[in-house]
Amino acid sequence: MNDGFKVNCESVHGDGLVLGTTRGRPAARWITYCGKVKETGKGEITYFQAISGKVNFYVVQRALRTAPFDPAKPPFDRATLAAWQKFFDEVAVCDSSDPKRPCP
């Protein structure tokens, strides 16, 4: 994914690839900092969570668009990061064929 960002960003940095599980499913999280998107001229911080389901693979993301910034010093405070982490802690994959993972 970072290679795709490199094509579209003037400066990019990836951070925090964490492998683990989300509600018993294999998962990974990471953040990409794009200092300036070539098309829009704005900076963008994107937090991803990938989850492997029983059959499919899912990616959830949250993005924050900002003024251009230096990826080494992103305008992203700890409170926002904590809120986003809490949001991703609540994300789960449902499976209508598995009674242990019912869909709402």
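About the thresholds
Residues numbered from 1 in each chain as written. Predicted model: local features only at pLDDT ≥ 70, side-chain atom pairs only at ≥ 80, totals over all residues. Heavy atoms only, no water. Helix = DSSP H or I, 4+ residues; strand = E, 2+ residues; numbered from the N terminus. Expected span 1.5 Å × (residues − 1). Polar contact = N/O pair within 3.5 Å; in protein donor to acceptor, adjacent residues only side chain to side chain. Disulfide = S-S within 2.5 Å. Buried < 20%, exposed > 50% of the residue type's maximum accessible area, 1.4 Å probe, protein only. Phe/Tyr/Trp six-rings, centres within 6.5 Å; stacked < 30°, edge-to-face > 60°. Pairing = 2+ DSSP bridges.

Participant: Explanation requested: helix H2 (residues 78-89) in the structure shown.
Facilitator: The α-helix winds at 3.6 residues per turn, so residues separated by three or four positions along the chain end up facing the same way. With 12 residues, H2 should reach 16 Å at 1.5 Å per residue; the first-to-last C-alpha distance of 16 Å fits that figure. In this structure Asp77 caps H2, since a side-chain oxygen of it lies 3.2 Å from the backbone nitrogen of Ala79.

Participant: Before we go on, may I ask you to explain unusual backbone geometry in this structure?
Facilitator: Phi is mostly negative for residues that are not glycine, and the peptide bonds are mostly trans. Phi is positive for Arg23, close to 50°, though the residue is something other than glycine. Turning to its location among the elements, Arg23 is positioned in the loop between strand E1 (12-22) and strand E2 (25-34).

Participant: Is there a simple way to explain the state of the cysteines in this structure?
Facilitator: As used in these notes, a disulfide is a covalent bond between sulfur atoms, one from each of two cysteines. As enumerated under the stated definition, the model contains 2 disulfides in all. What pairs with Cys9 in a disulfide is Cys34, and their sulfur atoms sit 2.0 Å apart. When the S-S torsion is -120°, as for the bridge of Cys9 with Cys34, the disulfide is left-handed. With Cys9 in the loop between helix H1 (2-8) and E1 and Cys34 in strand E2, this pair connects stretches of sequence that are 25 residues apart. A residue is classified by how much of its surface remains accessible, and Cys34, at 0% relative accessible area, is buried. Shown here is the disulfide that connects Cys94 with Cys103, its sulfur atoms set 2.2 Å apart. The S-S bond linking Cys94 to Cys103 shows a torsion near 90°; that makes this disulfide right-handed. By relative accessible area, Cys94 is classed as partly exposed at 33%. Exposure remark for Cys103: the relative accessible area of 33% places this residue in the partly exposed category. Counting only the cysteines that form disulfides, in the order they appear in the chain, gives the pairing 1-2, 3-4.

Participant: Please explain the packing of aromatic side chains as it appears in this structure.
Facilitator: To describe a pair of aromatic rings, one takes the distance between the centres and the angle between the planes. Enumeration according to the criterion identifies 5 aromatic pairs in this entry. With 5.1 Å between their ring centres and 15° between their planes, Trp30 and Phe48 make a pair best called stacked. Highlighted residues: Trp30 in strand E2 and Phe48 in strand E3 (residues 43-52), separated in sequence by 18 residues. Ring centres 4.9 Å apart and planes at 35° place the aromatic pair Tyr47 and Phe88 in the tilted group. Here Tyr47 is found in strand E3, whereas its partner Phe88 is found in helix H2, with 41 residues between them in sequence. Note on accessibility: Tyr47 and Phe88 belong to one class, buried.

Participant: I'm lost on the pairing of E3 in this one. Help?
Facilitator: The element E3 is largely enclosed, with a buried count of 9 among its 10 residues. Across 8 bridges, E2 lies against E3 in antiparallel orientation. Pairing of Ala28 across the sheet is with Ala50, part of E3. Between the antiparallel neighbours E3 and strand E4 (residues 57-66) lie 4 residues.

Function-wise, these values are silent; they only describe arrangement.
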